[in-house]
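# Descriptive analysis of the structure
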Amino acid sequence: MTLRCAAIIIAILALIAAPFAIGQDYYINIASQILLYAVFALGIDVLVGYGGLVSLGHAGLFGVAAYILANVLAAGYGHAVAIAASLIGGLIATAAFAAVALRSTGISFIMITLALGEIIWGLAYRWISVTNGDNGISVTTRPAPFGLSLASPRGFYEATLVIFLLAMAAMAIFVRSPLGAALAGTRDQPRRMNALGYHVWMIRFLAFLFSGLLSAVSGVLFVYYNQFISPQALALPASAAGLLMVIAGGAGTLLGPVVGSALVVIVQNVVSAYIERWNFMLGAIFVAIVIFMPEGLVPGVTRLVRATWRTASRRRPRAMAPSLGPKP
Amino acid sequence: MSFWLLLTVNSITFGGLLFLLSAGFSLIFGLMRIPNLTHGSMFMVGAYLGSTFLSGELGFITNFWTAAILSAIEVAVLGALMERFLLRRLAGQPLAQVLVTLGVSLMVADLCLMGWGGDPISVETPSGLGGFLRVGPAVFPLYRVAIIGIAVVIAIALWLTLERTRLGAMIRAGVDDPQMARVVGIRVSRLFTIVFGLGAGLAGFAGMIGAPILSVYPGLDQDMLPLALVVVILGGTGSLLGSFVGSIVIGFIYNFGQALLPELAYFILFLPMVIVLVVRPQGLFGGQVL
């Protein structure tokens with residue numbers, strides 16, 4: 001355990017020091033993107049990994065918070081008010097979204113969340129008096145908490161890092177809490193959990209709210225990072241990218257979404273530097289991961305390392321790869 | 001008065017298109033238990049292929065209907081190939097299958113953008129149907145009336161196929177209880193390929209038939225897929241009657257919404273879905289094929 005603590009502290013120190021080591025603004029911005037999408041992916045992982053509920057509509061929740069932020073700022077309020085309004089609005093939207101989507105589970109849940117997400121996208125695209133349609137809304141300033149300016153890439157990175165670490169900590173606490181354990185229980189054995197007296201629906205609903213809150217936080221970060229929001233950020237490819245981050249990294253792990261976010265953001269930036277066909281790559285990676293590495297990178301690599309370790313110490317490996325297939 | 005009448009005709013026309021799209025979607029869902037997220041892409045690919053056939057760029061000139069049928073066949077083959085070589089590998093893993101269809105839909109959207117460019121392509125109304133139909137004081141665009149006719153004919157043909165033919169009986173058996181169907185000697189996995197191809201072909205056909213009204217543009221897939229989802233959530237999965245009623249209802253809500261509250265038209269679709277999910281989560285006609 002002390003080894004683990006040391007590893008976590010070293011990782012955090014490395015993340016804080018990263019911009020000084022990287023130096024170039026371009027790469028610091030990529031690091032900020034990785035962290036802000038990691039928060040988004042963590043939110044999806046709450047449902048996908050721990051709740052067994054695959055959502056394809058999270059970009060909609062992300063977008064609701066982003067648009068509220070942009071609109072409240074455009075109305076002339078301060079950053080604190082705008083952020084509070086967007087998080088509260090994001091939570092209210094999540095509650096409505098969850099109330100509808102949790103009428104079902106499994107494959108129907110995917111369909112309903114997809115339809116809901118697309119409806120929010122349609123709203124962003126066509127409700128021009130509020131969202132300015134395809135032209136989007138620009139946000140000219142970034143906040144300066146405690147007098148620290150976030151205008152520079154480095155400043156923004158450090159602020160994103162703080163929020164990312166808070167999100168990671170919240171996630172770690174959530175997963176280890178009774179609620180997190182109950183959520184995993186509803187994923188594996190919903191009927192038994194029900195028979196044991198747990199309110200399965202309420203557990204899922206609370207998890208959804210937590211997930212929505214993380215999506216809203218990442219939506220706020222997204223607007224401040226890009227200083228712009230348009231319907232494209234809410235479209236189905238955005239939800240799919242979020243889900244891909246979770247599945248590629250490893251659903252149901254803390255580190256998986258972060259690794260997945262790094263993978264997707266790096267591929268997106270590297271690939272789009274050479275060819276325009278980013279969505280094609282996204283789809284191809286999706287298909288390849290689902291077919292060849294359904295358990296994701298983090299569990300896959302962990303299993304490989306453990307298997308090697310065991311072989312080295314002449315013990316037979318016992319670990320079985322979990323699959324995306326239906327759970328008994 | 002004629003405004004409302006025209007809006008009604010437009011709604012039924014759009015409902016007919018949605019039926020062609022969602023009938024296949026619903027059958028695939030009923031049989032394979034997965035939502036085919038490439039269904040919107042099939043619709044768009046059908047329209048793009050049809051517009052290419054029609055333009056004569058391939059060295060031969062086709063009329064509208066031949067183009068529609070050719071593109072439907074092509075899309076059907078693509079769908080069957082995808083089922084056979086991608087989804088079959090993941091048999092028994094519905095979640096993985098859904099994610100693969102999602103990945104393929106993103107790839108198809110990008111390939112279409114690459115192949116046909118970003119500008120919308122308009123398709124001309126087929127010759128002879130550009131006029132108007134006069135009924136008393138009211139005037140209807142002939143082509144829209146023709147679409148309603150085509151949708152009704154295909155609905156009846158599908159119903160007869162499912163109800164009266166051997167293939168239909170096998171599909172019903174497969175929807176009802178795939179394991180028992182296998183036990184009695186029905187090759188359910190071959191049925192999967194057939195139904196997937198059929199559904200894809202219908203979607204492609206709908207794309208071309210709808211092209212003179214909707215035109216073809218990048219993002220058409222993303223516009224149509226949620227509509228198919230909402231229709232199927234509303235009507236119930238695996239139910240032909242459900243997709244028919246759902247399509248007409250959504251056709252009306254969408255068109256009236258666009259005419260009366262254009263900014264919120266997409267949002268209004270949400271309402272019937274919410275009401276149905278609250279009152280009857282399996283959909284209006286869920287749990288039955290016919």
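On a predicted model such as this, the values are computed, not experimentally measured, just so you know. (Residues numbered from 1 in each chain as written. Chains lettered and ligands numbered in written order. Predicted model: local features only at pLDDT ≥ 70, side-chain atom pairs only at ≥ 80, totals over all residues.)

### A closer look at the interface of chain B and chain A
Taken together, the contact between chain B and chain A spans 37 residues of the former and 38 residues of the latter. Elements with a contribution of two residues or more to the side of chain B that touches chain A: α4 (94–116), α9 (220–235), α11 (265–268) and α12 (270–279) of chain B. Of the residues forming the side of chain B that touches chain A, the biggest block, 15 residues, is contributed by α4(B). Here the residues of the side of chain B that touches chain A sort into 29 nonpolar, four polar and four charged. (Contact = placed C-beta atoms within 7 Å. Helix = DSSP H or I, 4+ residues; strand = E, 2+ residues; numbered from the N terminus. Nonpolar A, V, L, I, M, F, W, Y, C, P; charged D, E, K, R; others polar.)

### Remarks on the confidence of the model for chain A
All names here are of chain A. Per-chain confidence: chain A averages 85 in pLDDT, with 95% of residues scoring 70 or above. For chain A, per-element mean pLDDT is lowest for helix α1 (residues 2–22), which scores 79, and highest for helix α10 (residues 200–226), which scores 93. Contacts for the low-pLDDT stretch residues 316–323, under 50 throughout, to residues beyond four places or in other chains number 14 contacts. (pLDDT = per-residue confidence, 0-100.)

### Let's talk about helix α2 (residues 39–55) of chain B
Residue and element names in this part refer to chain B. Taking 1.5 Å per residue as the helical rise, α2 with its 17 residues ought to reach 24 Å, and the 24 Å between its terminal C-alpha atoms agrees with that figure. Of all the 17 residues making up α2, 15 are buried; the element is thus mostly covered by neighbouring parts of the structure. Looking one or two residues past α2, G56 carries a phi angle of roughly 75°, positive in sign. (Expected span 1.5 Å × (residues − 1). Buried ≥ 20, exposed ≤ 12 C-beta atoms within 10 Å, placed from the backbone.)

### Brief notes about the nonpolar core
Membership of the largest hydrophobic core comes to 206 residues, with the highest contact counts inside it found for A:V39 and B:I233. Examining the composition of this core, we find that 16 residues originate from one element, helix α2 (residues 25–50) of chain A, more than from any other. Not counting chain neighbours up to four residues away, the residues in contact with A:V39 comprise A:I163, A:F164, A:A167, A:L214, A:V217, A:S218 and A:L221. (Core = buried A, V, L, I, M, F, W, Y, C linked by C-beta atoms within 7 Å.)

### Quick notes on the environment of B:L129
Positionally, B:L129 belongs in the loop between α4 and β1 (132–135). Sequence-distant contacts of B:L129, defined by excluding residues within four places in its chain, comprise B:L142, B:Y143 and B:A146.

### What about unusual backbone geometry?
Residue and element names in this part refer to chain B. Phi angles above zero are rare outside glycine, and R33 is one such case at about 65°. Mapping R33 onto the fold places it in the loop between α1 (2–32) and α2. Here the phi dihedral of S215 falls at roughly 60°; this positive angle occurs in a residue that is not glycine. Inspection of the secondary structure assignment puts S215 in the loop between α8 (188–214) and α9. Under the C-beta neighbour-count criterion, S215 is labelled partly exposed, with 14 such atoms within 10 Å.

### Observations regarding the environment of A:L244
Residues and elements named next belong to chain A. Note that L244 resides in helix α11 (residues 236–249). Residue L244 is classed as buried on the basis of its 27 C-beta neighbours within 10 Å. A C-alpha to C-alpha distance of 8.6 Å links L244 and S261, two positions 17 residues apart in sequence. When sequence neighbours within four positions are dropped, the list of residues in contact with L244 reads G260, V264, L282, I285 and F286.

### So, the packing of helix α3 (residues 64–87) of chain B against α8(B)
Following both chains from N to C, one finds α3(B) and α8(B) inclined at 145°, their axes separated by 7 Å at the closest point. The hand of the α3(B)/α8(B) crossing is right-handed. (Axes fitted to C-alpha atoms, helices over the stretch in contact; angles between N-to-C directions. Left-handed = near helix turned anticlockwise from the far one by under 90°.)

### Considerations on helix α14 (residues 297–312) of chain A
All names here are of chain A. Here α14 spans 22 Å end to end across 16 residues, near enough to the 22 Å set by a 1.5 Å rise per residue. All of the buried residues along α14 are L297, V298 and P299. As for α14, its buried residues are in contact with α11 and α12 (256–274).

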